[in-house]
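Close look at the chain arrangement
Now for the letters of each chain:
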Number of protein chains: 2
Amino acid sequence: MNRVEILAVGNELLAGDITDTNFLALARVLKDKGAVVTRHVTLPDDRAVIADGVRDALARADLVLVTGGLGPTEDDLTRFGVADGLGRPLVRDAGAVETIRARFRRYGVGDMPVANLVQADFPEGARLLDNPNGTAAGFLVETAPRQAVVVLPGPPRELLPMIDRHLLPYLEARGGLPVIAARRLRAIGLGESLLAERIAGWDEGLADVAIGYYPQDPGVDVKLTATGADEAAAEAALDAATRRRRDRIGEHVYFVEANGHDRTPLASVVGAELRDRGDTLAVAESCTGGLVASMITAVAGSSDYFRGGVVAYANAVKTAFVDVPEALLAAHGAVSEEVAAALADGARRHFGTTWAIGVTGVAGPGGGTEEKPVGLVWMAVAGPDGTRTHRTQHAGDRTTIQRRASATALDLLRRRLR
Amino acid sequence: MNRVEILAVGNELLAGDITDTNFLALARVLKDKGAVVTRHVTLPDDRAVIADGVRDALARADLVLVTGGLGPTEDDLTRFGVADGLGRPLVRDAGAVETIRARFRRYGVGDMPVANLVQADFPEGARLLDNPNGTAAGFLVETAPRQAVVVLPGPPRELLPMIDRHLLPYLEARGGLPVIAARRLRAIGLGESLLAERIAGWDEGLADVAIGYYPQDPGVDVKLTATGADEAAAEAALDAATRRRRDRIGEHVYFVEANGHDRTPLASVVGAELRDRGDTLAVAESCTGGLVASMITAVAGSSDYFRGGVVAYANAVKTAFVDVPEALLAAHGAVSEEVAAALADGARRHFGTTWAIGVTGVAGPGGGTEEKPVGLVWMAVAGPDGTRTHRTQHAGDRTTIQRRASATALDLLRRRLR
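Scope of this entry: the structure provided in the associated data block. Just so we're clear, the structure is a prediction, and the values are computed from it rather than from any experiment.

**With respect to the sheet that holds strand E13 (residues 281-285) of chain B**
Taken in spatial order, the 10 strands line up as E17(A)-E16(A)-E15(A)-E13(A)-E14(A)-E14(B)-E13(B)-E15(B)-E16(B)-E17(B) in an open sheet, and their pairing is mixed. Each edge of the open sheet is held by one strand with a lone partner, namely strand E17 (386-393) of chain A together with strand E17 (386-393) of chain B. Each strand axis lies, on average, 10° off the axis of its neighbour in the sheet, ignoring direction. Summarising the sheet, strand E14 (residues 306-312) of chain A and strand E14 (residues 306-312) of chain B pair through 5 bridges and their orientation is antiparallel. The residue of E14 of chain B that forms the bridge with Gly308 of chain A is Ala312 of chain B. Each of strand E13 (281-285), E14, strand E15 (355-361), strand E16 (376-383) and E17 of chain A is contacted by helix H13 (residues 337-351) of chain A, which is oriented at about 145° to E15 of chain A, the strand it contacts most.

**A short note on the layout of surface pockets**
Any space left empty among the atoms is revealed by the rolling of a water-sized probe across them. Taken as a whole, the second largest pocket spans an internal volume of roughly 990 Å³. Taken together, 45 residues line the second largest pocket, and the ones lying closest to its centre are Val36, Ile180, Lys223, Thr225 and Thr227 of chain B. Those elements that provide at least two residues to the lining of the second largest pocket are helix H1 (11-14) of chain A together with helix H2 (22-32), strand E2 (36-43), strand E9 (179-187), strand E10 (209-215), strand E11 (220-228) and helix H8 (231-249) of chain B. The dominant element in the lining of the second largest pocket, judged by the number of residues it contributes, is E10 of chain B, at 5 residues.

**Some details on the pairing of E11 of chain B**
Residues and elements named next belong to chain B. Judged by how many residues are buried, E11 sits mostly within the fold: 7 of 9 residues are covered. Bridge analysis of E10 against E11 gives 7 bridges, and the strand direction is antiparallel. Across the sheet, Tyr213 pairs through a bridge with Val222, a residue of E11. The hairpin turn running from E10 into E11, its antiparallel successor, is 4 residues long, and Asp217 in that turn takes a positive phi close to 50°.

**Notes on the environment of Leu77 of chain A**
Residue and element names in this part refer to chain A. Mapped onto the elements of the fold, Leu77 is located in the loop between strand E3 (63-67) and helix H4 (78-86). Along the chain, Leu77 and Ser303 lie 226 residues apart, while their C-alpha atoms are 44 Å from each other. Excluding residues that lie within four positions of it along the chain, Leu77 makes contacts with Asp45, Asp46, Arg47, Ile50 and Gly69.

**Looking at the interface of chain B and chain A**
Taken together, the 75 residues of chain B in the interface contact 69 residues of chain A. Here chain B is connected to chain A by 5 salt bridges. Across the pair Asp17 of chain A and Arg184 of chain B runs a salt bridge whose closest N-O atoms are separated by 3.7 Å. In the side of chain B that touches chain A, the residues fall into 34 nonpolar, 25 polar and 16 charged.

**Topic: the pattern of salt bridges**
Applying the stated criterion across every chain yields a total of 48 salt bridges over all chains. Its salt-bridge partner being Asp279 of chain B, residue Arg277 of chain B comes within 3.5 Å of it at the nearest N-O pair. We classify Asp279 of chain B as buried; its relative accessible area is 12%. Residue Asp411 of chain B is joined to Arg415 of chain B by a salt bridge in which the shortest nitrogen-to-oxygen separation is 2.8 Å. Of this pair, Asp411 of chain B and Arg415 of chain B both sit in helix H14 (residues 398-417), 4 residues apart, which is roughly one turn of the helix. The network of salt bridges with common partners includes Glu12 and Asp17 of chain A together with Lys31, Arg184, Arg186, Asp221, Lys223 and Arg263 of chain B.

**Focus: unusual backbone geometry**
All names here are of chain A. For the bond running from Gly364 to Pro365, omega is 0°, close enough to zero to count as cis. Turning to its location among the elements, Pro365 is positioned in the loop between E15 and E16. Not every positive phi belongs to a glycine, and Asp323 is a case in point at roughly 60°. Summarising the element assignment, Asp323 is placed in the loop between helix H11 (315-322) and helix H12 (326-332). According to the relative accessible area criterion, Asp323 is partly exposed, its value standing at 38%.

**Overview of helix H9 (residues 266-277) of chain A**
Residue and element names in this part refer to chain A. Its 12 residues give H9 an end-to-end C-alpha distance of 17 Å, which sits within 8% of 16 Å, the value for a rise of 1.5 Å per residue. Buried residues along H9 sit in contact with strand E12 (253-257), E13, helix H10 (291-297), E15 and helix H14 (398-417). Gly278 lies just past H9 and shows a positive phi near 75°.

**Here's the deal with the packing of H9 of chain A against H14 of chain A**
Residues and elements named next belong to chain A. At their nearest, the axes of H9 and H14 sit 10 Å apart, and the two run at 35° to each other. Crossing of H9 over H14 shows left-handed handedness. Packed against H9, whose contacting residues are Leu266, Ala267, Val269, Val270, Glu273, Leu274 and Arg277, the element H14 presents Ala407, Leu410, Asp411, Leu413, Arg414 and Leu417 at the interface. Tallied by class, the residues present in the contact of H9 with H14 amount to 9 nonpolar, no polar and 4 charged.

**Focus: the side chain of Gln119 of chain B**
As for its position among the elements, Gln119 of chain B is in the loop between helix H5 (94-106) and strand E5 (121-123). Polar side-chain contacts of Gln119 of chain B include one of 2.7 Å to the side chain of Thr135 of chain B.

**What about the packing of aromatic side chains?**
All chains considered together, the criterion is met by 7 aromatic pairs over all chains. Measuring from ring centre to ring centre gives 5.7 Å for Phe122 of chain A and Phe139 of chain A, while their planes differ by 75°; the resulting arrangement is edge-to-face. One end of the pair, Phe122 of chain A, is in strand E5 (residues 121-123); the other, Phe139 of chain A, is in strand E7 (residues 138-144), and 17 residues separate them in sequence. The residues Phe122 of chain A and Phe139 of chain A share a single accessibility class, namely buried. Chaining the aromatic ring pairs together yields one cluster made of Phe321 and Phe351 of chain A together with Phe321 and Phe351 of chain B. Across the ring face of Phe122 of chain A, the terminal group of Arg79 of chain A is positioned such that the distance to the ring centre comes to 5.5 Å.

**Some details on empty space enclosed by the protein**
Per the counting criterion, the structure on display carries 1 cavity of 30 Å³ or more. Lining the largest cavity are 17 residues, with Arg39 and Arg60 of chain A together with Arg39, Val41 and Arg60 of chain B positioned closest to its centre. Counting only elements with at least two residues in the lining of the largest cavity, the list comes to strand E1 (3-9), strand E2 (36-43) and helix H3 (47-58) of chain A together with strand E1 (3-9), E2 and helix H3 (47-58) of chain B. Broken down by class, the residue content of the lining of the largest cavity amounts to 7 nonpolar, 2 polar and 8 charged.

**Remarks on H8 of chain B**
Residue and element names in this part refer to chain B. The terminal C-alpha atoms of H8 lie 26 Å apart, and with 19 residues this matches the ideal 27 Å at 1.5 Å per residue to within 8%. Turning to H8, its buried residues are Ala234, Ala237, Leu238, Ala241, Thr242, Arg245 and Ile249. Looking straight down H8, one finds that the buried residues subtend no more than 135° of arc, so they occupy a single side. Those residues of H8 that are exposed and angled more than 90 degrees off the buried face are Ala232, Arg243 and Asp247. Where H8 ends, the next residue or the one after it, Gly250, has phi of about 70°, a positive value.

Scoring rules and cut-offs
- Residues numbered from 1 in each chain as written.
- Chains lettered and ligands numbered in written order.
- Predicted model: local features only at pLDDT ≥ 70, side-chain atom pairs only at ≥ 80, totals over all residues.
- Heavy atoms only, no water.
- Pairing = 2+ DSSP bridges.
- Helix = DSSP H or I, 4+ residues; strand = E, 2+ residues; numbered from the N terminus.
- Axes fitted to C-alpha atoms, helices over the stretch in contact; angles between N-to-C directions.
- Contact = heavy atoms within 4.5 Å.
- 1 Å grid on protein atoms, 1.4 Å probe; cavity = no way out; pocket = protein on both sides within 12 Å on 5 of 7 lines; lining within 4 Å.
- Points joined across faces, edges and corners; volume = space filled by probe spheres on them.
- Buried < 20%, exposed > 50% of the residue type's maximum accessible area, 1.4 Å probe, protein only.
- Salt bridge = Lys/Arg side-chain N within 4 Å of Asp/Glu carboxyl O.
- Nonpolar A, V, L, I, M, F, W, Y, C, P; charged D, E, K, R; others polar.
- Expected span 1.5 Å × (residues − 1).
- Left-handed = near helix turned anticlockwise from the far one by under 90°.
- Polar contact = N/O pair within 3.5 Å; in protein donor to acceptor, adjacent residues only side chain to side chain.
- Phe/Tyr/Trp six-rings, centres within 6.5 Å; stacked < 30°, edge-to-face > 60°.
- Lys NZ or Arg CZ within 6 Å of the ring centre and 35° of its normal.
- Arc of directions from axis to C-beta.

This is the structure:
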């Protein structure tokens, strides 16, 4: 089980209308498990072509992973093509019919349309892989003692959870793979090349640990990987390597993952710290328009520490909701250090929280001036020990600037809490 | 010259360490010129595998486009593999040697390293495609009267300019290409299978228009594609097909794109309508935690109509900032029709806007009860003609529920504005 071919099915992929983001996630998981992706093929929604593709791949690979085209509409032909490629008939699974029917009932959207029945058809002998996030179950067919075809639905929010749920356990059950251990240092506030520069020259004596840099926008992940037959030795080498890197990168590291694939969000790290302290948080944001609050509340359990926020988009709202003085706005402009501080102070006072974040800036594409260009963002954190401000200049389009500024504001609070 | 297969070469691509951004650019240019990408294959840096890949592709396609692996180092094996696949020897081109040598001289980096000599070797009979941004020239080999292999270097800053310089003129010189036109109907509020059911049976007399369904989470896009020799005829067929589909899908369609690849966000559609009317908007959101405001403010120019919002996460905030009566919260609970309406009313009054959205629900994973399960979201739109509420039950994890509820709330306003 070493050679893997990935077949992505979809006219829309071939037309360049969407990007196959599943591939990256699959490639990384497979690599972590010691498997090598030897070919990645994108095929059209064409039954005969899919069948040929599956046959070709089975002639070369130990595992053939097929993604996409499991939907209920007539352009979803993957199950038919795979069945043809395997030379097996499709058989309706009564349990799967019931699962789909129950799903429609549960979400109160009425009876199951007849079109969905096809999603209960699988090649004879297939093992079903349940999909908690959609009606399209995946399936696995063992074609030889150490060879299989695994078929997964295309939408990333359905496919990605099925990697951990089905693909990883299957790879692990096959066994016989070399141990690959990994750590992921999540860093923010330093670009990729500056980060690499800090670490450079620290690789001596760690020849068995590979290092990779992965820009995350915002932030950069540094991934350390050790390979070997002995798990304890690999983990020990990694611990030493991680410690050294972390010392060099310093406070830019906001989290260290004990594996290669988890990605704990910055807002979770900040939230855990607030919960531990019994502290509370509020925000008043202008140019980020609700994104800081949205990042915070995307974390389960955030109601333990997050009280609320104001999206103070219009100047009058800044004054009415969090008491930013009109005179201050007139004197310094909405995008200024003073207004950022006033937003944070006002939010802290009005929401009655331990901490508050204020953000104001020019998200663009319009509204920039020579003095206050697009991408300029002032932020502030108000707390029991006073209010501190921070000026940043972000690059990118509007949503990139909003995303980076929001992450930087959360990071400002993280550093303050340390 | 209609069927194109693209072969991308590189171990780094298969490992998921880098993404093949060239593909999207190539796919769009080819589509614009009436060519159809029928397969996209990523191959490892392996001479025999590349040779096989070229042979397989030539058995099916009119144009085989190979990218990457033309560098000077020993892992760059594309020229060897392509030559093998074509059954032609490599021949050194004296002019190319001179070009590379001159490049080293011009950029003052000393004499040309011996390693670079290989970049002057091309399959016998190839036409060279010069590369203004690197030492790796591309090449084109005509393998039959209307069949060719085109090989381009992998780095995007070298490849992308070569599309306009070499690929486009070649495609245009071939001529006689069919026109491909497309429309994209963006719909929300109906699942993929229900949407397909509505449209089913409406394909008569439109055999030249292909239809595809693409879940967007939230929403579903329906893409209509017409192919023909005559642009006006293809566009007319599409217009007729689009009209019929739109009539069937009804108000669920929030936008019709005049091409296949643009994706105007729902918040842009709502924003344009508000701007046209000279109306303003505010939000008060609980379970979506700032995401509704964030979607609205991700649109450039949203400050024209969006005044601001309150993220009323804690109950006390709902009362203090938008006057949701404590008695109402006590009587019906925070997740209720009454509180959704009070949030919208309070926001409209406090922000002084034409319209306001209120959202409250159970985003999960905790906090669900039998009566109010995870995924239950109440929303309301308050406007000059009163306040209307809407109950939804969303599936998925926390962030999916937040995303779907936010989109549904925006859609509620869109329908109200019609």
